[in-house]
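Observations on the three-dimensional arrangement
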Amino acid sequence: LVAFYPFNGTCNDESDNALSTVLVRTPVLAADHNGTANSAYLLDGNNQGFKVLNAGKLPTGNPDLTITTWFLGKNGGIFRTILSWGADTIAIKNKYEIAFYRTSISGIPYLGITNGVDSVVAECPTSESGNWFFAAVKISSGNVTFYMNGTPTTSKKIAFDIKSGGTFSIGTDISEGDPSGSNNFGGNIDDVTIYNRALSDGEITYIKT
């Protein structure tokens with residue numbers, strides 16, 4: 001576990017790395033997916049998010065990793081970034097960006113991950129229901145698999161080349177090098193985790209419960 005943001009009253013990383021995190025334009029505390037007050041954050045979808053100051057402790061290169069989060073989408077935008085890190089350099093494949101797309105595949109919203117060049121997407125039908133949604137992305141030997149409320153999708157190959165010293169943001173993209181871009185996530189977000197290995201199906205199910 002290299003980063004863990006339970007958002008229980010603060011935006012602190014509670015992993016051993018203690019990545020320093022600051023609020024950008026004051027997201028507000030809200031109830032989490034269990035209804036517990038002040039245990040998640042609500043972002044307005046305009047210019048709020050979180051910026052991590054010492055992201056150099058995160059995995060680089062093309063590593064195996066797993067990212068999980070709970071979210072409740074509320075904003076009517078087209079492309080809303082949940083988490084991103086790396087650098088925004090065209091055609092270099094040197095960023096991770098996980099986003100919720102309100103445009104659709106066959107009329108269904110979807111989640112996607114991009115390296116800045118290539119993308120992997122998966123249908124996310126429950127994310128528009130007004131309910132909390134659990135999402136996980138696992139990268140194993142370059143194969144990306146989404147887990148939709150714990151259920152895996154078909155994996156697809158995608159390459160990353162993440163350099164140290166990039167920007168790490170929650171709730172926004174890195175297109176401007178600062179959490180103030182145009183693709184900010186709107187809604188509630190909670191329990192963001194990053195692991196520096198590919199978790200098993202059972203481990204991802206355990207995190208969800």
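To start, this report covers the structure provided alongside it. For every chain, the first residue of its written sequence is number 1, and the numbers climb from 1 along that sequence. Only residues with pLDDT of at least 70 are given local features in this predicted model, and only at 80 or more are side-chain atom pairs given and counted; all residues enter the totals for whole chains, interfaces and linings. Calculated side-chain values reflect all of the structure's heavy atoms, with hydrogen atoms and water omitted.

1. Here's the deal with the packing of aromatic side chains
Stacked, tilted and edge-to-face are the three classes applied to pairs of Phe, Tyr and Trp rings, where Trp contributes its six-membered ring and a pair requires centres within 6.5 Å; stacked means planes under 30 degrees apart, edge-to-face means over 60, and tilted covers the rest. Here the structure, examined in full by the defined rule, presents 12 aromatic pairs. Judged by centre distance (5.1 Å) and plane angle (70 degrees), the rings of Tyr41 and Phe50 are edge-to-face. The buried label goes to any residue with under 20% of its type's maximum accessible area, the exposed label to any with over 50%, and the partly exposed label to all in between, with areas taken from a 1.4 Å probe on protein chains only. Of the residues examined, Phe50 reaches a relative accessible area of 0% and is grouped as buried. Centroid distance Tyr96 to Phe160: 4.2 Å. Interplanar angle 25 degrees. Geometry classified as stacked. Of the two residues, Tyr96 sits in strand β8 (residues 95–105) while Phe160 sits in the loop between β14 (156–157) and β15 (167–170), which places them 64 residues apart along the sequence. Since its relative accessible area comes to 4%, Phe160 is described here as buried. Ring pairing ties together the aromatic residues Tyr5, Phe7, Tyr41, Phe50, Trp85, Tyr96, Phe160 and Phe168, which thus form one cluster. Counting from the N terminus, the helices are the DSSP runs of H or I reaching at least four residues and the strands are the DSSP runs of E reaching at least two.

2. Regarding the side chain of Ser39
Locating Ser39 in the fold gives a position in the loop between β3 (28–30) and β4 (40–44). Accessibility expressed as a relative area gives 7% for Ser39, which makes it buried. A 3.5 Å cut-off defines polar contacts: any pair of N or O atoms within that distance qualifies, except that in protein one atom must be a possible hydrogen donor and the other a possible acceptor, and neighbouring residues in sequence count only when both atoms are side-chain atoms. Within polar-contact distance, the side chain of Ser39 engages the backbone oxygen of Ala37 at 3.1 Å. Sequence-distant contacts of Ser39, defined by excluding residues within four places in its chain, comprise Pro6, Phe7, Asn8, Ala30, Asp32 and Asp190. For this analysis, residues touch if any pair of their heavy atoms sits within 4.5 Å.

3. Here we look at the nonpolar core
Residues enter a nonpolar core if they are buried and are Ala, Val, Leu, Ile, Met, Phe, Trp, Tyr or Cys, with the set joined through side-chain atoms within 4.5 Å. Core analysis: the biggest nonpolar cluster contains 42 residues, and Trp85, Leu111, Ile113 and Phe168 have the highest contact counts within it. With 4 residues, the top contributor of residues to this core is strand β11 (residues 133–140). Apart from residues no more than four positions distant in its own chain, Phe168 is found in contact with Tyr5, Leu19, Phe50, Lys51, Val52, Ala55, Leu58, Leu83, Ser84, Trp85 and Ile194. The next biggest cluster of nonpolar side chains, apart from the first, holds 10 residues, and it includes Leu72, Trp132, Phe134 and Leu199.

4. Describing the pairing of strand β16 (residues 186–195)
In terms of burial, β16 is largely enclosed, as 9 of its 10 residues are buried. Should DSSP find at least two bridges between two strands, the strands are taken to pair. As defined by bridge partners, strand β1 (residues 3–5) adjoins β16 across 3 bridges and the pair is classed as antiparallel. Looking at the pairing, Tyr5 lines up with Val192 of β16. When β4 meets β16, the two strands line up antiparallel, connected through 4 bridges. The partner of Tyr41 across the bridge, within β16, is Ile189. One ladder, built from 7 bridges, connects strand β6 (residues 65–73) with β16; its direction is antiparallel. When the sheet's bridge partners are listed, Trp70 is paired in β16 with Asp190.

5. Examining the pattern of salt bridges
Salt-bridge detection follows one rule: a side-chain nitrogen of Lys or Arg within 4 Å of a carboxyl oxygen of Asp or Glu. On inspection of all chains with the given rule, the structure shows 5 salt bridges. When the shortest N-O distance is used, the salt bridge between Glu97 and Lys95 registers 3.6 Å. Owing to a relative accessible area of 5%, Glu97 belongs among the buried residues under this scheme. Relative accessible area serves as the criterion here: at 10%, Lys95 is assigned to the buried category.

6. Looking at the pairing of strand β9 (residues 108–114)
Of all 7 residues in β9, 6 are buried; the element is thus mostly enclosed. Note: β9 against strand β10 (residues 119–123), 5 bridges, orientation antiparallel. The residue bridging Ile113 from the neighbouring strand is Val120, located in β10. Linkage of β9 to β10, two consecutive antiparallel strands, is achieved through a turn of 4 residues, within which Gly116 is found at a positive phi near 100 degrees.

7. Details of the environment of Thr10
By the element assignment, Thr10 lies in the loop between β1 and β2 (21–24). Taking C-alpha positions, Thr10 is 8.6 Å from Asn38, a pair spaced 28 residues apart along the chain. Sequence-distant contacts of Thr10, defined by excluding residues within four places in its chain, comprise Leu29 and Tyr41. Among the polar contacts made by the side chain of Thr10, one reaches the main-chain amide nitrogen of Asn12 at a distance of 3.2 Å.

What is shown is where atoms sit, not what they do.
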